[in-house]
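# Structural description and commentary
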Amino acid sequence: MGAKVITVTSGKGGVGKTTTTANLAVALASLGYKVTCMDSDIGLRNLDVVLGLENRIVYDLVDVVEGRCRIRQAMIKDKKFPELYLIPAAQTRDKSAVSPSDMIRLCEELKPEMDWIIIDSPAGIERGFKNAIAPADVILVITNPEVSAVRDADRIIGLIEAEQKGPAHLIINRLNPALVKKGDMLTAEDVVNLLAVDLLGIVPEDENVVASTNRGTPIVLDAHSKAGQAFMNIAKRLNGEEIPLMNLEGKGNIFSIFGKRTK
Amino acid sequence: MSGFVDKLLNKPSSADTARQRLQLVLIHDRANLPPGQIDLMKEELIRVISKYVVIDRAKAEIAVENEGREQRLTINIPLVAENRRF
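Let us look at the structure shown here. No experiment lies behind these values; they were computed from the predicted model shown. (Residues numbered from 1 in each chain as written. Chains lettered and ligands numbered in written order. Predicted model: local features only at pLDDT ≥ 70, side-chain atom pairs only at ≥ 80, totals over all residues.)

Residue and element names in this part refer to chain A. Contact pair helix H1 (residues 17-30) / helix H11 (residues 226-238): the axes reach a minimum separation of 9 Å and the direction vectors enclose 65°. In terms of axis orientation, H1 runs roughly perpendicular to H11. Crossing of H1 over H11 shows right-handed handedness. Contacts between H1 and H11 pair Asn23, Leu24, Ala27 and Leu28 from the former with Phe231, Met232, Ile234 and Ala235 from the latter. (Axes fitted to C-alpha atoms, helices over the stretch in contact; angles between N-to-C directions. Helix = DSSP H or I, 4+ residues; strand = E, 2+ residues; numbered from the N terminus. Parallel < 35°, antiparallel > 145°, perpendicular 65-115°, else oblique. Left-handed = near helix turned anticlockwise from the far one by under 90°. Contact = placed C-beta atoms within 7 Å.)

Quick look at the interface of chain B and chain A now. Taken together, the contacts link 17 residues of chain B with 14 residues of chain A. When contributions to the side of chain B that touches chain A are tallied by element, the ones reaching two or more residues are helix H1 (2-8) and helix H2 (14-31) of chain B. Per-element tally for the side of chain B that touches chain A: the top contributor is H2 of chain B, with eleven residues. Classifying every residue of the side of chain B that touches chain A gives five nonpolar, six polar and six charged. (Nonpolar A, V, L, I, M, F, W, Y, C, P; charged D, E, K, R; others polar.)

The next thing to look at is the nonpolar core. The nonpolar side chains of a soluble globular protein tend to be buried, and buried together. Within the largest apolar cluster, 87 residues are counted, with the highest numbers of intra-cluster contacts made by Ala25, Val35, Leu61, Ile117, Ile118, Val141 and Phe231 of chain A. Beyond its immediate stretch of four places on either side in the chain, Val141 of chain A contacts Thr9, Ser10, Ala153, Ile156, Ile157, Ala168 and Leu170 of chain A. (Core = buried A, V, L, I, M, F, W, Y, C linked by C-beta atoms within 7 Å. Buried ≥ 20, exposed ≤ 12 C-beta atoms within 10 Å, placed from the backbone.)

Further remarks concern H2 of chain B. Over its 18 residues, H2 of chain B runs 26 Å from end to end, which matches the ideal 26 Å to within 8%, given 1.5 Å per residue. Listed in full, the buried residues belonging to H2 of chain B are Ala15, Ala18, Arg19, Leu22 and Leu26 of chain B. Down the axis of H2 of chain B, the smallest arc covering the buried residues is 95°, so these residues share one side. With respect to the buried face of H2 of chain B, the exposed residues turned more than 90 degrees away are Gln20, Arg21 and Leu24 of chain B. Buried residues along H2 of chain B sit in contact with helix H7 (147-162) and helix H9 (188-195) of chain A. Asn32 of chain B lies just past H2 of chain B and shows a positive phi near 50°. (Expected span 1.5 Å × (residues − 1). Arc of directions from axis to C-beta.)

Take a look at the structure:
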């Protein structure tokens, strides 16, 4: 069997790739799976701080690739889940320090020991992106409901198809129901129709995400947070469970579901 | 609030505008065909086709259409019926 490799990418920066990677990794670990997440954003690493593991780094991805340590030595064990690991990116090198075949080799080595490998891709369409998608079984494209993020997502989806790594699965992050209601934000339905790909989940904008990132404890651990629930649902869908899109008040349309909280 | 005012003035919402702009941008991005080049291509096609048949230039249309993520160039050029002319 071996692990399934999930790559999280977006094209545009700042749409929530690292937040999504961290939350899906924690969610799958909380469901009892063995998970390794890997930061492939060499030179601009951040998955370590989002997971709250920045003080434990000894070795990184480039150290493994260049043979300065074994892969196990670069795997940082999470504070809460004993079978959740992080392989951090190197901070002082650039994307050319790793090749797509290095990424495939590392994942092959990890697969027998893991259930899930989740790779956080850098923004952009260059080497770092190619490294991140090379070993992927499934690619998740993160976007926000706004013009530049949707345009870049479309470009990335086209490149994923060109690399025969498709079909990509879409996550719409930071959807603001109040803005949608006012007519000042694209609806999830608009985004799905424009991009013409499968929708894996919608994560509503949630100010608690900022606080959870400040603390280095992913929001998915907060059962009261809408964003946390959305990430947990996405993790379960990845795992093959049929979980409907969150049902909030609306006009009976699954896409107009983010009305009022029902609590 | 802006949504309410827009409705009163019968103005499209900013989300409507974003959707329409993105529809066009994505068509041109996917085909790597900027809007100006479509116009140039239309002129050139009309010139070539006019060498062989009489066409209604004013009604000639050329557009890129989507079917999922597939794209198709559609050209619609009405012919002028020659046997009805003296």
